[in-house]
Amino acid sequence: MPGPGAAALALPLLALPLLALPPAPPPTLPRPHGPRCVLEKEAQFNTTYADWVDADLLNIYAFNHSVCRNRTEGVRVSVNVLSDHKDLPVLFVVRQKEAVVSFQVPLILRGLYQRKYAYQEVSRTLCQPQTKAEVETQHFYVDVSTLSLNASYKLRVTRVENFVLRTNERFSFNATAAQPQYFKYEFPEGVDSVIVKVTSAMAFPCSVISIQDILCPVYDLDNNVAFIGMYQTMTKKAAITVQKKDFPSNSFYVVVVVKTEDEACGGALPYYPLSKDAAPDEPVDQHNRQKMLEVVVSPAITSEAYVSSVLFCLGIFLSFYILTLVIACWESCRQQKRKGLLAAMDSPSLDTGHARSIPDSFLGHSPYDSYGYGSFGNGSSGSTEGVTDSMGSAEVPYGYVGERSLENVASRPRLDSLSSVEEDDYDTLADIDYDKNVIRTKQYLCVADLARKDKRVLRKKYQIYFWNIATIAVFYALPVIQLVITYQTVVNVTGNQDICYYNFLCAHPLGNLSAFNNILSNLGYVLLGLLFLLIILQREINYNRALMRNDAHALECGIPKHFGLFYAMGTALMMEGLLSACYHVCPNYTNFQFDTSFMYMIAGLCMLKLYQKRHPDINASAYSAYACLALVIFFSVVGVVFGKGNTAFWIVFSVIHIVATLLLSTQLYYMGRWKLDSGILRRILHVLYTDCVRQCSGPMYVDRMVLLVMGNIINWSLAAYGLIVRPNDFASYLLAIGICNLLLYFAFYIIMKLRSGERIKLIPLLCIIGTSVVWGFALFFFFQGLSTWQKTPAESREHNRDCILLDFFDDHDIWHFLSSIAMFGSFLVLLTLDDDLDCVQRDKIYVF
């Protein structure tokens, strides 16, 4: 039996065969079917190469072409892969002197929600390298490779005709999502800015227009076109103003890309087929998604046009200052002449020793007598005092019941001199014995009945309107200015021109502002608002001087003069100009209220001023008025954000609108002498029973009832229209409600003024006629609708139009001009409408 030594000797002998075996190879990835073959071919332009490639083959096509320093030619590579291997695409790499472009076919582009779209035909324009030599031959190579077993393809390289766009020459072309196009434009001598206009007869497919600097690579695919330069989406129209200072090479590329989906332009998303067998991320073939477009590059306006447009704008509105100054000088000379003649008349006559009589026609008013208050009443006066000292004959066509001697009026103690400076339930000492309920519920009221409070109290009350709106303006304007500057900065930095809804066909940049013309046209609101404030200041100074010399007309005649609301109106007009300019820095969905907030305030203040004229004691306080206006602005914002197609919102708003109309009607009808408490329903039923059931009696205040019935009909109709139609532009709908009510009240005021035997003097009559005409033209330009943020930016640009005035201002700028003039004229109408009553005692002026 072998021993241990034999076993020891056997171990090395057994190991020898194991050592002789070769080492096991490491695990490797699958290799192609043989060695990699590289096939390089000399290729020619305008030749189609139908070839194939597999995992063992790399095809290289070598091209060369001459590049001139003074002439630019475009080169375009077009490929079509015939094999359908989406998981093993064919890779094309174009190697140039200064750039490398690579893409795979099928080309996969992603859309919304990461949807995939596959394209078998791809065309790309090559970036053109610069050359310093007069003529240089440059080479580039197209490498074709794949991991597929066999892939057939077609390759064609061509020169691009009309690669360089010419000024004012139109050029048509086709583009798809996988076949984008771009062209070069060079600024000619003497042209500092141009406008690139791209149009198409078809709205869809959606496309993107981009302006990029002459750099490689050019971003010309849907997933990277927004990386650089300026861009905007497009359906049928697009326009981008390009300034020479922004491009050091004095040239730029115009890039046109068709998007994979139309959602960005307001179109519907395509049907995305899903099947049980298909993978969730299976790409969809969009087939021939093609768009035909036309591009033209035109010179923009010169710096001289900017200067002339600014001077034109200043000239229009400064002419109002000159006209106002001329009228003021004429009126001053007229007053001086009247005072001189009055002094001469007051001097004793040489014949009789008595003062000469002054005809009433010279004093600016006719003798008032035999006054009849319209056709509804019985002609009786509501004044508590007797009628004495009739100064006219019964043959006067219109007039008041009588006119007392102004000397007696001036010597009579005034009730307001006994009043406290604080406003409480009892406004004067006389009110303690003579309750307000007795005064304000008479069938016919005179202004004297509603002008019993202390003038100092009312002056403070109405001055709060001005100080409140000035405070609101400061706190409102500062964040607005900061926000729109941020918007403009974002637009300039990102190049995304879909942020702001301009009229791009007439948007003239200046500095960092993209549309300077839309901002400049708002200058009229500011200048005319300031002019109105100066006119009010002059009127107040003259009125205070008359009070200082105890002028009887200023003390006891005419509509009580309170200027606080006028100051608030002028300030609101100036703020409308400022905030409208801020809105037009970058008009869009999120800052629309900047342009409309003070429009609501102007409409509300005008109605309050019209009501204050004949109801100075019972007009709303500034706090309640601005609280109501704030509520209106709040509903405006909520309506725009949530009201589109929201049935619940429109029901709630219509109910609030109708209830508010009824409450305001009750307030106006009873002159504020009613209470909203738990017993309101009981009192309503009692009135209905006594006036409609027990006895059928007409309304006590017929004229007020006529106004309020008409107002309720109009407001209920507007509420029904909103509930049924649900207009998209809720802000304009709400503003229309305010304007309709203002026009209704103004028309009622004019009619009642004429029915009451009063007259309208020449200046307010001219203002009414001129303002009506200007408002008509202004509304015509307003409804042109050059852009709208209710649609997508691309759809909004379909409404864009060219400039119509001085090649600088568009239709909306004309609206700014005319509406500022019309608002100024409307304010003048409110200011001068009752100038004919300046010599009529207040207990002879009826309230309506």
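This write-up is about the structure you can find in this document. (Residues numbered from 1 in each chain as written. Predicted model: local features only at pLDDT ≥ 70, side-chain atom pairs only at ≥ 80, totals over all residues. Heavy atoms only, no water.)

**Some details on the pattern of salt bridges**
The test is simple: Any Lys or Arg side-chain nitrogen located within 4 Å of an Asp or Glu carboxyl oxygen qualifies as a salt bridge. Three labels apply to residues, based on accessible area from a 1.4 Å probe with only protein chains included: buried if under 20% of the type maximum, exposed if over 50%, partly exposed otherwise in between. Every helix listed is a DSSP run of H or I at least four residues long, and every strand listed is a run of E at least two residues long, numbered separately from the N terminus.
All chains considered together, the criterion is met by 21 salt bridges. A salt bridge links E186 to K184, with the shortest nitrogen-to-oxygen separation between them at 3.4 Å. Here E186 falls in the partly exposed class, since its relative accessible area comes to 39%. Look at K184 and you get buried, because its relative accessible area is 7%. A salt bridge links K197 to D802; the shortest N-O distance between them is 3.6 Å. Here K197, found in strand β15 (residues 193–199), pairs with D802, found in the loop between α18 (793–797) and α19 (811–832); they are 605 residues apart in sequence, far enough to count as distant. Using a relative accessible area of 22% as the deciding quantity, one classes K197 as partly exposed. Taking the relative accessible area as the measure of exposure, D802 reaches 41% and is therefore partly exposed.

**Structural notes on a nonpolar patch on the surface**
Quick reminder of the rule: Like-charged residues within 9 Å of one another, or nonpolar side chains (Val, Leu, Ile, Met, Phe, Trp, Tyr) within 5 Å, are grouped into patches, provided each residue has over 30% relative accessible area and no salt bridge. Only the protein chains shown count as cover for residues, and the accessible areas themselves come from Shrake-Rupley with a 1.4 Å probe.
Taken together, the side chains of I651, V655, V659, L663, Y721, L723, I724 and V725 present a nonpolar region at the surface, about 710 Å² in accessible area. Of all the secondary-structure elements, those providing two or more residues to the nonpolar patch are α13 (647–669) and α15 (702–725). Note that L723 resides in helix α15. Note on L723: relative accessible area 33%, which makes it partly exposed.

**Structural notes on the packing of helix α6 (residues 455–494) against helix α12 (residues 622–642)**
Here is the rule we go by: Here the axes come from fitting lines to C-alpha atoms, over the contacting stretch only for helices, and the angles between their N-to-C directions go from 0 to 180 degrees. When describing relative orientation, an angle under 35 degrees is termed roughly parallel and one over 145 degrees roughly antiparallel, while 65 to 115 degrees is termed roughly perpendicular and anything else oblique. Each crossing is labelled by how the near helix is turned from the far one, with a counterclockwise turn of less than a right angle marking it left-handed and a clockwise turn marking it right-handed. Note on contacts: a residue pair is in contact if any heavy atoms of the two residues lie within 4.5 Å. Each residue is assigned to one of three groups, with Ala, Val, Leu, Ile, Met, Phe, Trp, Tyr, Cys and Pro labelled nonpolar, Asp, Glu, Lys and Arg labelled charged, and all others, Gly among them, labelled polar.
Between α6 and α12, the least distance of the axes is 9 Å, while the angle of their chain directions is 40°. As far as their axial angle goes, α12 and α6 are oblique. Viewed along their axes, α6 and α12 form a crossing whose handedness is right-handed. Touching I464, Y465, N468, I469 and I472 of α6 are A622, Y623, A625 and Y626, all from α12. Taken together, the residues of the contact of α6 with α12 sort by class into eight nonpolar, one polar and no charged.

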